[in-house]
Amino acid sequence: MKKLYISTLAATLLLTASCETDFDNSTEDVVVTSGEANFSKYVALGNSLTSGYRDGALYIDGQNESYPSMLAAQMKLAGGGEFKQPMMPNNTGGFVGLPGFGGKYTLKVINGALSPEQSAAAAALDNISSAGPYQNMGVPGAKSFHLVAPGYGSAANLQIGAANPYFVRFATSATTSVLADAMAQKPTFFSLWIGANDILSYATNGGMNSSTVGNVTTYTPAVVQPATANPATYKANDITNPAVLQQAIKGILDGLKSVGSTKGAIGNIPDVTSIPYFTRIPYNTIALDATKVQALNASLYKLLNTVASSRFSLAKVGQNPVIIIDNTLSDLSQFYTAGFAASGISATQAAFLGSAFGKARQAKEGELILLPASKVLGLDALTNAAPTATSQFIYGASFPLQDQFSLTATEATNISTATTAYNTAIKGFADSYGLAFVDARAKMIELNSASGIQWDGVKYSATFVTGGAFSLDGVHPTGRGYGIIANEFLKAINNTYKSSLPMINPNSYSGVTFP
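Definitions and cut-offs
Residues numbered from 1 in each chain as written. Predicted model: local features only at pLDDT ≥ 70, side-chain atom pairs only at ≥ 80, totals over all residues. Heavy atoms only, no water. Phe/Tyr/Trp six-rings, centres within 6.5 Å; stacked < 30°, edge-to-face > 60°. Helix = DSSP H or I, 4+ residues; strand = E, 2+ residues; numbered from the N terminus. Lys NZ or Arg CZ within 6 Å of the ring centre and 35° of its normal. Buried < 20%, exposed > 50% of the residue type's maximum accessible area, 1.4 Å probe, protein only. Arc of directions from axis to C-beta. Contact = heavy atoms within 4.5 Å. Pairing = 2+ DSSP bridges. Core = buried A, V, L, I, M, F, W, Y, C linked by side-chain atoms within 4.5 Å.

Our focus in this paragraph is the packing of aromatic side chains. What characterises a pair of aromatic rings is the spacing of the ring centres plus the angle enclosed by the ring planes. If you walk through the whole model with that rule in mind, you get 25 aromatic pairs. Where Phe 340 meets Phe 393, the ring centres are 6.4 Å apart and the plane angle is 75 degrees; that geometry is what we call edge-to-face. Of this pair, Phe 340 sits in helix 12 (residues 333-342) while Phe 393 sits in the loop between strand 15 (368-369) and strand 16 (406-407); the two residues are 53 residues apart in sequence, bridging distant segments of the chain. Between Tyr 395 and Phe 399, the ring centres sit 5.5 Å apart and the planes meet at 80 degrees, which makes this aromatic pair edge-to-face. The lysine or arginine in question, Lys 104, covers the ring of Tyr 59, its NZ or CZ lying 4.3 Å from the ring centre. One Lys or Arg, Lys 427, reaches over the ring of Phe 437 and ends 5.4 Å from the middle of that ring.

This paragraph deals with helix 12. Those residues of helix 12 not exposed but buried are Ser 333, Tyr 336 and Phe 340. Buried positions in helix 12, seen along its axis, are confined to an arc of 70 degrees and lie on one side of it. The exposed residues of helix 12 that point more than 90 degrees off its buried face are Gln 334 and Ala 342. Residues of helix 12 that are buried make contact with helix 11 (300-307) and helix 13 (347-357).

Residues Gly 264 and Ile 266 line one face of strand 10 (residues 264-267) and the alternating positions Ala 265 and Gly 267 line the opposite face, and both faces are buried. The sheet contact formed by strand 7 (residues 189-193) and strand 10 spans three bridges and is parallel. When the sheet's bridge partners are listed, Ser 191 is paired in strand 10 with Ala 265. With three bridges connecting them, strand 10 and strand 17 (residues 436-438) associate as parallel partners. Looking at strand 17, one finds that Gly 267 is bridged to Val 438.

Bringing the nonpolar core into the picture now. By size, the foremost hydrophobic cluster in this structure holds 99 residues, and its most contacted members are Tyr 42, Leu 45, Tyr 67, Leu 192, Ile 249, Phe 278 and Ile 493. The next biggest cluster of nonpolar side chains, apart from the first, holds 37 residues, and it includes Ile 325, Tyr 336, Ala 360 and Phe 393.

Here it is in structure tokens:
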């Protein structure tokens, strides 16, 4: 058992095992021990949350504040060894020449208001495996089954969507897997936090898959995959079947066990729809005055209610629901087209509007409008530009928001059902393999509470930007948010393995940077 005597300051941090307003005071030194664990070779497996991803990108400053690097620093006090991360080459992130892998978001003043704006990608995709091995094996975008997939780090497989550029950077060969490279290191201790992306991509894309041919992108509903489907056949945003996730995690734990890695920590999945990406915009964000209400009710809503009165309520002064698409509805396009044509609109435009409203309705309380909708809501739907005095069809108010920008009640239920099944399996693995269990879901609930989380006089909440815990992408934590996560892992490890690793102070890490 490694022992180390630390200072009163470190003792203070250690004794702060819960998020109290002020740190406890101690006048005695505390012995830091590894307890029943061995931290000499710590390896972290997971996805973007493990890598230190934030602000929509992976970049140096974020990696330096990943929760595994925080854990490794505390483990070093109790005999922990070197902890290397596959560092990006800059503080912008993104990969040049790879669509969808842009640089990080920064706050800028746009039209007199602060708004996140994404930087252009700045990194070339290279392989840095020769400088490894790397102990932080978090791969942004990875789902549970990706960690056990051979070839997930093959540059050639990028062209067919079977690889991930972040793993391409540090994979030891074109045929290896994340698990295989972790096993090769024979870790004495590991952390595993995986499964969020198995539902998150469905959620952040409004329950839709997309396909781009030329410059035209089409959207089709994503699905909850059956247990019999091969994960290799999944489309990008489909929900992983719980049986597949369970098989993948079991494969990871059994693989690590086979090389003697039996001690570690495993985290469950927060309710992803409770993060700022889904809570920033209310379902009834459309503000209308008396003049607009009168105009809408006399024209658009009168026509819509003639066809399907159950889908639309008359507009009212104040806050109104966003008009969204619900793919579970019957398609009334032909009836709306006829109605628009009868109102004097040209046949071409009537067909366009009829098709747009075919499966439209007003959002209901509890349904979610996604953060990227903020860039679309209020635009003229016919020009995709700022509305003019003559604009009649406005996204959200008088024209349906595209389906990829919202989550209906049915889609939210799909997410909740999968999350519950995933978490049941993860808790079962923690119990059966004797691992420290990190209840990330409970911590997210605490962040969403009215009181939030207090640490040394600083309050953290899940509020976008001002809450301090989430970065500008609305999904990933800030450095301070990762500090909160690190403490949950530290507490679970100490409780399970009788170690005494000190807590860290989240306030000492970075939050949202304002211009």
